[in-house]
Amino acid sequence: MQDGSERFIDALMNAGHCDGDDAGQADFSDCATNVYRTRNYIVKQRIVFSEGRLGVTTVSDDVFYERTPERDGKYEDLFGDRLETDGRRVPAMGYIRRYVK
(Lines give C-alpha, C1' and ligand atoms only; values in the text may rest on other atoms or scores of the structure.)
Protein backbone atom coordinates (compact mmCIF):
# COMPACT_ATOMS: atom_id res chain seq x y z
CA MET A 1 0.00 0.00 0.00
CA GLN A 2 1.28 3.48 -0.86
CA ASP A 3 1.74 6.03 1.87
CA GLY A 4 -0.10 9.36 1.69
CA SER A 5 2.71 11.29 0.01
CA GLU A 6 3.14 8.64 -2.71
CA ARG A 7 -0.63 8.67 -3.42
CA PHE A 8 -0.56 12.48 -3.60
CA ILE A 9 2.40 12.54 -6.01
CA ASP A 10 0.78 9.85 -8.21
CA ALA A 11 -2.46 11.84 -8.28
CA LEU A 12 -0.63 15.04 -9.25
CA MET A 13 1.24 13.24 -12.01
CA ASN A 14 -2.07 11.94 -13.41
CA ALA A 15 -4.06 15.17 -13.01
CA GLY A 16 -6.26 15.68 -16.02
CA HIS A 17 -6.14 11.97 -16.96
CA CYS A 18 -9.38 10.79 -15.40
CA ASP A 19 -11.82 8.54 -17.22
CA GLY A 20 -15.24 10.17 -17.35
CA ASP A 21 -17.09 12.47 -14.99
CA ASP A 22 -17.71 10.62 -11.76
CA ALA A 23 -19.42 13.42 -9.82
CA GLY A 24 -22.67 11.46 -9.73
CA GLN A 25 -21.04 8.40 -8.20
CA ALA A 26 -20.62 7.90 -4.49
CA ASP A 27 -16.97 6.94 -4.91
CA PHE A 28 -15.10 9.97 -3.62
CA SER A 29 -11.70 8.31 -4.04
CA ASP A 30 -11.81 7.92 -7.85
CA CYS A 31 -9.58 10.41 -9.69
CA ALA A 32 -8.88 12.31 -6.46
CA THR A 33 -5.73 14.27 -5.79
CA ASN A 34 -6.84 14.78 -2.19
CA VAL A 35 -9.79 13.73 -0.03
CA TYR A 36 -10.72 15.39 3.25
CA ARG A 37 -13.71 15.70 5.59
CA THR A 38 -15.60 18.70 6.92
CA ARG A 39 -18.44 18.76 9.43
CA ASN A 40 -21.07 18.00 6.76
CA TYR A 41 -19.17 16.78 3.69
CA ILE A 42 -16.48 14.46 2.40
CA VAL A 43 -14.64 16.49 -0.22
CA LYS A 44 -12.82 15.10 -3.25
CA GLN A 45 -10.26 17.51 -4.68
CA ARG A 46 -8.79 17.08 -8.12
CA ILE A 47 -5.99 19.58 -8.71
CA VAL A 48 -5.47 20.59 -12.32
CA PHE A 49 -2.47 22.59 -13.56
CA SER A 50 -2.62 25.05 -16.43
CA GLU A 51 0.09 27.11 -18.10
CA GLY A 52 -0.72 30.37 -19.82
CA ARG A 53 0.09 34.07 -19.95
CA LEU A 54 0.04 34.27 -16.16
CA GLY A 55 2.39 31.33 -15.76
CA VAL A 56 1.39 28.10 -14.08
CA THR A 57 -1.96 28.21 -12.29
CA THR A 58 -3.81 25.62 -10.22
CA VAL A 59 -7.53 24.94 -10.11
CA SER A 60 -9.23 22.59 -7.69
CA ASP A 61 -12.19 20.66 -9.13
CA ASP A 62 -14.11 19.87 -5.92
CA VAL A 63 -16.96 17.46 -5.36
CA PHE A 64 -18.68 17.75 -1.97
CA TYR A 65 -20.35 14.48 -0.95
CA GLU A 66 -22.91 14.80 1.82
CA ARG A 67 -21.77 12.71 4.78
CA THR A 68 -23.70 9.50 5.38
CA PRO A 69 -22.87 6.53 7.63
CA GLU A 70 -21.93 4.49 4.53
CA ARG A 71 -19.61 7.17 3.14
CA ASP A 72 -18.07 7.79 6.56
CA GLY A 73 -17.37 4.06 6.87
CA LYS A 74 -15.66 3.98 3.49
CA TYR A 75 -13.70 7.12 4.38
CA GLU A 76 -12.52 5.52 7.64
CA ASP A 77 -11.48 2.36 5.74
CA LEU A 78 -9.42 4.39 3.27
CA PHE A 79 -8.02 7.15 5.48
CA GLY A 80 -8.43 6.03 9.09
CA ASP A 81 -4.67 5.51 9.45
CA ARG A 82 -3.86 9.17 8.76
CA LEU A 83 -2.28 11.18 11.56
CA GLU A 84 -5.07 13.72 11.06
CA THR A 85 -8.01 11.54 10.03
CA ASP A 86 -10.14 14.35 8.59
CA GLY A 87 -7.28 15.57 6.41
CA ARG A 88 -6.86 19.08 5.04
CA ARG A 89 -7.57 20.99 1.88
CA VAL A 90 -4.75 21.47 -0.64
CA PRO A 91 -4.63 25.18 -1.55
CA ALA A 92 -5.27 26.18 -5.17
CA MET A 93 -5.57 29.48 -7.03
CA GLY A 94 -9.19 28.80 -7.99
CA TYR A 95 -11.87 26.18 -7.58
CA ILE A 96 -15.00 24.67 -9.07
CA ARG A 97 -17.57 23.11 -6.72
CA ARG A 98 -20.24 20.47 -7.17
CA TYR A 99 -22.45 18.90 -4.52
CA VAL A 100 -23.70 15.30 -4.33
CA LYS A 101 -26.42 14.20 -1.92
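The rules behind the values
Residues numbered from 1 in each chain as written. Predicted model: local features only at pLDDT ≥ 70, side-chain atom pairs only at ≥ 80, totals over all residues. Heavy atoms only, no water. Core = buried A, V, L, I, M, F, W, Y, C linked by side-chain atoms within 4.5 Å. Buried < 20%, exposed > 50% of the residue type's maximum accessible area, 1.4 Å probe, protein only. Helix = DSSP H or I, 4+ residues; strand = E, 2+ residues; numbered from the N terminus. Salt bridge = Lys/Arg side-chain N within 4 Å of Asp/Glu carboxyl O. Arc of directions from axis to C-beta. Polar contact = N/O pair within 3.5 Å; in protein donor to acceptor, adjacent residues only side chain to side chain.

Regarding the nonpolar core
Part 1 of the argument: Grouped together as the largest cluster of nonpolar side chains are 9 residues: Phe28, Ala32, Val35, Ile42, Val63, Tyr65, Tyr75, Phe79 and Val100.
Part 2 of the argument: For this core, the elements supplying multiple residues, two or more each, are β3 (55-66) and α2 (69-79).

Digging into the pattern of salt bridges
A side chain with one charge can pair with a side chain of the opposite charge if their charged atoms come near.
Part 1 of the argument: Tallied over the full model, the rule gives 10 salt bridges.
Part 2 of the argument: The partner of Asp61 in a salt bridge is Arg98, and the shortest N-O contact between them spans 2.7 Å. Here Asp61, found in strand β3, pairs with Arg98, found in strand β4 (residues 94-100); they are 37 residues apart in sequence, far enough to count as distant.
Part 3 of the argument: Residue Glu84 pairs with Arg88 through a salt bridge whose shortest N-O separation is 3.2 Å.
Part 4 of the argument: The class for Arg88 is exposed, based on a relative accessible area of 60%.
Part 5 of the argument: A cluster of three or more residues bridged by salt bridges with shared partners is formed by Arg37, Arg67, Asp72, Glu76 and Asp86.

With respect to α2
Part 1 of the argument: Along α2, the positions that sit buried rather than exposed are Arg71, Asp72, Tyr75 and Phe79. End-on view of α2: buried residues confined to an arc of 100°, all on one side of the axis. Every exposed residue of α2 that faces more than 90 degrees away from the buried side is listed here: Pro69, Glu70 and Asp77.

A few points about the side chain of Lys44
Part 1 of the argument: Relative to the assigned elements, Lys44 resides in strand β2 (residues 41-52).
Part 2 of the argument: Among the polar contacts made by the side chain of Lys44, one reaches the main-chain carbonyl oxygen of Asp30 at a distance of 3.3 Å.

Some details on the environment of Ala32
Part 1 of the argument: In this fold, Ala32 is placed in the loop between α1 (4-13) and β1 (34-37).
Part 2 of the argument: A relative accessible area of 18% places Ala32 in the buried class.

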